[in-house]
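Here's the letter readout for the chains.
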Amino acid sequence: MIWRAQGLFVTGTDTGVGKTEIACALLRIASRMGWRTIGMKPVAAGARRIRERWRNADATALADASTVRAPDRLRNPYLLRSPIAPHIAARAAGIELQIGTIVRAYHELARRADWIVVEGAGGFCVPLNAHAHMGDLAAHLRLPIVLVVGMRLGCISHALLTAEAIARRRLELAGWVANRIDPSMRYYRDNVASIAARIDAPLWGEVPFVAARRVRRLTIERALKPARLAPRLTPEALAVTDRT
Ligand SMILES: Nc1ncnc2c1ncn2[C@@H]1O[C@H](COP(=O)(O)OP(=O)(O)O)[C@@H](O)[C@H]1O
Ligand SMILES: [Mg+2]
């Protein structure tokens with residue numbers, strides 16, 4: 001038997017909906033179950049210079065939540081300095097984002113870890129270049145997808161459109177998370193129920209709004225119901241028979 005890396009692709013209904021928070025929680029849950037984990041941010045837009053190096057907050061958060069160290073060029077193949085749409089930021093920087101480069105980096109990471117969580121940028125159809133978008137990358141990585149729904153006015157349509165785009169590519173929507181980013185949202189429960197009734201995937205958890213960072217982390221981990229994740233993290237799920 002050999003191990004193959006498994007993992008999840010975390011997408012969201014928008015930017016700023018909680019993808020990074022949920023991705024980090026998934027990594028921490030997997031690491032507590034004993035797996036070697038790596039969080040990948042293939043394309044990051046927005047960087048700050050810290051001690052002579054350009055850093056992106058998402059890439060840093062994912063690295064901190066991982067148990068395996070890996071070079072930046074693999075964990076975050078594209079670091080764009082401007083916090084704008086990736087294909088526009090790339091053009092401004094004079095480069096073209098290549099899915100092949102990201103897929104090669106992913107396979108390198110997959111040799112070093114058991115469990116990889118890949119965080120997209122923005123929503124599912126954010127362009128990478130003139131021909132491809134984030135959803136195409138998800139298709140190349142062939143990872144099951146987790147959809148983070150930022151619970152605010154307008155999220156129902158965004159959630160259903162994303163689920164449709166995932167289904168059209170015949171990708172697996174493993175589950176979705178209702179993240180209450182707007183505590184003043186009215187009829188929150190009706191909104192969750194409206195999505196649940198129309199989306200063909202299990203609700204992995206409901207995350208309440210929590211202002212304090214540390215408490216939020218623990219709350220998210222608890223809300224994600226590790227039981228949902230557990231079947232994907234059993235030795236059987238990660239093992240493939242080596243026929244060579
Ligand atoms: N459940 C929550 N309660 C309170 N704040 C949250 C919650 N989820 C996310 N946030 C905050 O919202 C912002 C966006 O979250 P983030 O995970 O960075 O989103 P994304 O990765 O989708 O851009 C961050 O400041 C984060 O700490
Ligand atoms: Mg993020």
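Each remark here, short or long, concerns the structure printed above.
Residues numbered from 1 in each chain as written. Chains lettered and ligands numbered in written order. Predicted model: local features only at pLDDT ≥ 70, side-chain atom pairs only at ≥ 80, totals over all residues.

J.: Could you give an account of the site of ligand 1, naming the residues involved and the relevant values?
T.: In the vicinity of ligand 1 there are 16 residues, among which Gly18, Lys19, Thr20, Glu21 and Phe209 approach most closely. Classifying every residue of the shell around ligand 1 by side-chain character gives 6 nonpolar, 6 polar and 4 charged. (Near = placed C-beta within 6 Å. Nonpolar A, V, L, I, M, F, W, Y, C, P; charged D, E, K, R; others polar.)

J.: Give me the packing of helix H5 (residues 99-112) against helix H6 (residues 134-141): which residues, what numbers.
T.: A pair of packed helices is characterised by two quantities: the angle between their axes and the separation of those axes. Packing of H5 against H6 leaves a shortest axis separation of 10 Å and a crossing angle of 40 degrees. Taken together, the axes of H5 and H6 are oblique relative to one another. The handedness of the crossing between H5 and H6 comes out as right-handed. Residue-level inspection shows Ile99, Ile102, Val103 and Tyr106 of H5 in contact with H6, the latter providing Asp136, Leu137, His140 and Leu141. (Axes fitted to C-alpha atoms, helices over the stretch in contact; angles between N-to-C directions. Helix = DSSP H or I, 4+ residues; strand = E, 2+ residues; numbered from the N terminus. Parallel < 35°, antiparallel > 145°, perpendicular 65-115°, else oblique. Left-handed = near helix turned anticlockwise from the far one by under 90°. Contact = placed C-beta atoms within 7 Å.)

J.: With reference to specific residues and values, describe H5.
T.: Taking 1.5 Å of rise per residue, the 14 residues of H5 would be expected to cover 20 Å, and the 20 Å separating its terminal C-alpha atoms lies within 8% of that figure. Of all the positions in H5, only Ile102, Ala105, Tyr106 and Leu109 are classed as buried. An end-on view of H5 places all buried positions within 105 degrees of arc, on one side of the element. Residues of H5 that are exposed and point over 90 degrees away from its buried face: Gly100, His107 and Arg111. Check the buried side of H5 and you find it contacts strand S3 (37-40), helix H3 (72-75), strand S8 (115-119) and H6. (Expected span 1.5 Å × (residues − 1). Buried ≥ 20, exposed ≤ 12 C-beta atoms within 10 Å, placed from the backbone. Arc of directions from axis to C-beta.)

J.: Could you give an account of the environment of Glu96, naming the residues involved and the relevant values?
T.: Looking at the secondary structure, you find Glu96 in the loop between helix H4 (86-92) and H5. Residue classification places Glu96 among the partly exposed positions, given that 13 C-beta atoms sit within 10 Å. Taking the C-alpha atoms as reference points, Glu96 and Leu128, 32 residues apart in sequence, are found 8.1 Å from one another.

J.: Residues and numbers for the pairing of S3, please.
T.: With burial as the criterion, each face of S3 is covered, one bearing Thr37 and Gly39 and the other bearing Ile38 and Met40. Relative to S8, S3 runs parallel, the two sharing 4 bridges. The residue bridging Thr37 from the neighbouring strand is Trp115, located in S8. (Pairing = 2+ DSSP bridges.)

J.: If you had to explain the nonpolar core to someone new, which residues and values would you point to?
T.: Counting 68 residues, the largest nonpolar core has Val10, Leu26, Ile116, Val146, Val149 and Val177 as its most contacted members. Discounting chain neighbours no more than four positions away, the residues touching Val146 are Leu8, Val10, Ala174, Gly175, Trp176, Val177 and Trp204. (Core = buried A, V, L, I, M, F, W, Y, C linked by C-beta atoms within 7 Å.)

J.: Run through the packing of helix H1 (residues 19-32) against helix H9 (residues 213-223), naming residues and quoting values.
T.: At a closest axis distance of 9 Å, the pairing of H1 and H9 adopts a crossing angle of 70 degrees. In terms of orientation, H1 lies roughly perpendicular with respect to H9. When the axes of H1 and H9 are compared, the crossing they make is right-handed. Touching Glu21, Ile22, Ala25, Arg28 and Ile29 of H1 are Arg217, Ile220 and Glu221, all from H9. The residue makeup of the contact of H1 with H9, split by class, is 4 nonpolar, no polar and 4 charged.

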